[in-house]
Amino acid sequence: MSKKILVTGGLGFIGSHTVVALQEKGYEVVVIDNLSNSSLSVLGGITKITKSSPDFENIDLRDKVAVKKFFEKYSDIDAVIHFAASKAVGESVENPLLYYENNINTLVYLLQQLKEKDRAKFIFSSSCTVYGQADELPITESAPVKKAESPYGNTKQIGEEIIKDTCKVNDNLSAISLRYFNPIGAHPTANIGELPIGTPQNLIPFITQTAAGKRKQLSVFGDDYPTPDGTCIRDYIHVMDLARAHVIALERLLEEEQSSNYEVFNLGTGTGNSVLEVIKSFEKVSGEELPYKITDRREGDVVAAYADTSKANDVLKWKADFTLDDALASAWKWQQTLEEKKENEI
Ligand code: WQD
């Protein structure tokens, strides 16, 4: 009997790629998504790849009663991978209460249900944003969590604390927080990928939309940082590597291999690349010249962040396989597929 996994936010960018990886590993998947930052077309994309459609429940996790009813209906859920959250740094500054309600209340309601089960397994989508500007690079999991630069980052820090405290007094609950660095790219079939709504806040979708002619030019937010070429450095990890890491973390929980019932892992490539290096890599893999201009720095940006991945390498036996070029090529293929689909719809 295959294990049944709930994936909240399963129609989102990382969520959808993880649903595919779970189904391909033989897990039965139930997706909860309220479609606030995704679309039902993603369910079709997943099904095209795996030839099997996960169960789908259009539920808003801010509705405590709906969450309770879900677990009454699906009493045989073996584990939960929790992606559903708001994630735009800038928006969180303008609308903090939306972020505290959507990212914290929902986590509490899920954990309130899970702690009642005999055995509960929980994976939390966290972020390197919890480190702020780390004092030392590469960043290890023991780097101090610094005051968040945004309400979004704060919700990830608070979320981790809520899970840690709950695990402390509920030994029937085992959990892992995965701190992603910068997720980018798309599934090689280009049936699923990143679907930013409106103007992309993140670098890679803005680059691919610019190359596709949807944006006039890319603004590079500052080239006067203390880095080799003056632009910020990040650890860009292929979403396929990230999805695979979730399946490995899940199996660690299901096989009860943990030494403690709460663990944290960085998920990155361990390599830092600057914005200008990303542009150069994109131009190489796409053959497109990318129009860009240097503009002022963006409020809240850290100078550099890239992962020390030795804990995930040693404990999860996981490491990122794809390169920056691979990820950018897949993002560009996805963007071109989106444009073709739009042209065919006209
Ligand atoms: C990357 C670099 C920008 C856009 C955030 C969250 C993180 C995760 C990923 C959710 C920075 C520069 C960007 C542009 C630019 N979110 N940039 N022009 O800010 O590192 O991380 O998104 O999972 O938790 O903190 O990612 O892609 O926005 O920026 O120059 O139009 O690209 O200054 O140096 P970031 P990003």
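Counting restarts for each chain, with residues numbered from 1 along the sequence as it is written. Residues qualify for local features only when their pLDDT is at least 70, as the model is predicted, and side-chain atom pairs are given and counted only at 80 or more; totals for whole chains, interfaces and linings, by contrast, use all residues. Hydrogens are left out, water is left out, and the side-chain values use all remaining heavy atoms of the structure.

### Notes on the overall build of the protein
The helix and strand tally for the protein stands at 11 helices and 13 strands. As a reference, a globule follows 2.2 Å times the number of residues to the power 0.38, and the radius of gyration itself is taken over C-alpha atoms. For 346 residues, the compact-globule estimate of 2.2 N^0.38 gives 20 Å, and the C-alpha radius of gyration of the protein, at 19 Å, lies within 12% of that figure. If one aligns the C-alpha atoms of the protein with their principal axes, the spans along those axes are about 55 × 50 × 40 Å. Buried residues are those whose accessible area, probed at 1.4 Å on protein chains only, stays under 20% of the maximum for their type, while exposed residues exceed 50% and partly exposed ones sit between those limits. Out of the 346 residues belonging to the protein, those deemed buried represent 54%. Areas reported here follow the Shrake-Rupley algorithm with a probe of radius 1.4 Å; residue values treat only the protein chains shown as occluding. Looking at the protein as shown, the accessible area adds up to about 15400 Å², and 49% of this sits on carbon and sulfur atoms. Taken together, the 38 basic and 50 acidic charged side chains of the protein have centroids lying 3 Å from each other. Only DSSP runs of H or I with at least four residues qualify as helices, and only runs of E with at least two residues qualify as strands; both kinds are numbered from the N terminus onward. Neither His nor the chain ends contribute to the count of charged residues, in which Lys and Arg are positive and Asp and Glu negative. Just so you know, the charge point we use is NZ for Lys, CZ for Arg, CG for Asp and CD for Glu.

### Concerning the nonpolar core
I5, L22, L178, L250, L267 and W318 are the most contacted members of the largest nonpolar core, which totals 40 residues. At the level of elements, strand 1 (4-8), helix 1 (13-24), strand 2 (28-32), helix 2 (41-50), strand 4 (79-82), strand 6 (173-180), helix 8 (239-254) and strand 11 (262-267) are the ones that each hand at least two residues to this core. Of all the elements, helix 8 adds the most residues to this core, at 9 residues. Every residue in contact with L267, bar those within four places of it in the chain, is listed here: L178, R179, Y180, F181, I237, L242, A245, H246, A312 and W318. Among buried residues, those of type Ala, Val, Leu, Ile, Met, Phe, Trp, Tyr and Cys that are joined through side-chain atoms within 4.5 Å constitute a nonpolar core. Residues are treated as being in contact if the distance between any of their heavy atoms lies within 4.5 Å.

### Comments concerning the packing of helix 9 (residues 275-286) against helix 11 (residues 324-345)
Where helix 9 contacts helix 11, the axes come no closer than 9 Å and their chain directions differ by 60 degrees. The element helix 9 and its partner helix 11 pack so that their crossing is right-handed. Contact residues: helix 9 offers V278, S281, F282, K284, V285 and S286, while helix 11 offers L324, D325, L328, A329 and W332. Axis angles are defined between N-to-C directions and span 0 to 180 degrees, where every axis is a line fitted to C-alpha atoms and, for a helix, only to the segment in contact. Handedness of each helix crossing follows the sense of rotation of the near helix against the far helix: counterclockwise by less than a right angle gives left-handed, clockwise gives right-handed.

### Side note on the environment of G10
Looking at the element boundaries, G10 is found in the loop between strand 1 and helix 1. Among the residues examined, G10 registers a relative accessible area of 0% and is labelled buried. Each C-alpha atom of the pair G10 and V29 lies 9.3 Å from the other, and the pair is 19 residues apart in sequence. Among all residues touching G10, those that are not within four sequence positions of it are G15, S16, V19, V31, I32, D33 and I46.

### Some points on the site of the ligand
Distances are taken per atom, and a residue is near a molecule or strand as soon as one of its heavy atoms is within 4 Å of it. Taken together, 19 residues form the shell around the ligand, and within it S127, L203, S219, R234 and D301 come nearest. Contact between the ligand and Y152: an oxygen atom at 3.2 Å from a side-chain N or O atom of the residue. Between the ligand and D301 there is a distance of 2.6 Å, counted from an oxygen atom to a side-chain nitrogen or oxygen. For the shell around the ligand, the element with the most residues is strand 8 (residues 218-221), which contributes 4 residues. Counting of polar contacts relies on pairs of N or O atoms within 3.5 Å, with two restrictions inside protein: one atom must be capable of donating a hydrogen and the other of accepting it, and residues adjacent in sequence are counted only when both atoms are side-chain atoms.

### Concerning the environment of V264
As for its placement among the helices and strands, V264 is situated in strand 11. The buried category is assigned to V264, whose relative accessible area is 13%. When the C-alpha positions of V264 and L178 are compared, they lie 5.9 Å apart, and in sequence the two are 86 residues distant. Beyond its immediate stretch of four places on either side in the chain, V264 contacts E141, S177, R179 and K311.

### Overview of the packing of aromatic side chains
Any two aromatic rings considered together are summarised by their centre-to-centre distance and by the angle between their planes. Stacked, edge-to-face and tilted labels apply to pairs of Phe, Tyr and Trp rings (six-membered ring for Trp) whose centres lie within 6.5 Å, assigned for plane angles under 30 degrees, over 60, and everything in between, in that order. For the coordinates displayed, the defined rule picks out 4 aromatic pairs. Their ring planes at 25 degrees and their centres at 4.6 Å tell us that F70 and Y74 sit as a pair that is stacked. As far as burial versus exposure is concerned, F70 and Y74 are alike and both buried. Put simply, the rings of F70, F71 and Y74 touch in pairs and so form one group of aromatic residues. Charge over a ring is defined by NZ of Lys or CZ of Arg lying within 6 Å of the ring centre and within 35 degrees of the ring normal. The positively charged end of R215 is found above the aromatic ring belonging to F206, 5.9 Å away from the centroid. A cation sits over an aromatic face here: K311 above F265, 4.9 Å from the ring centre.

### A few points about the pairing of strand 4
Look at any regular strand and the pattern is simple: side chains alternate between the two faces of the sheet. Side chains of strand 4 alternate between two faces, with A79 and I81 and V80 and H82 buried alike. Strand pairing follows a simple DSSP-based rule, namely that at least 2 bridges must link the two strands. Here strand 1 runs beside strand 4; their pairing, made up of 4 bridges, is parallel. The partner of V7 across the bridge, within strand 4, is I81. Summarising the sheet, strand 4 and strand 5 (residues 120-127) pair through 3 bridges and their orientation is parallel. Pairing of H82 across the sheet is with F124, part of strand 5.

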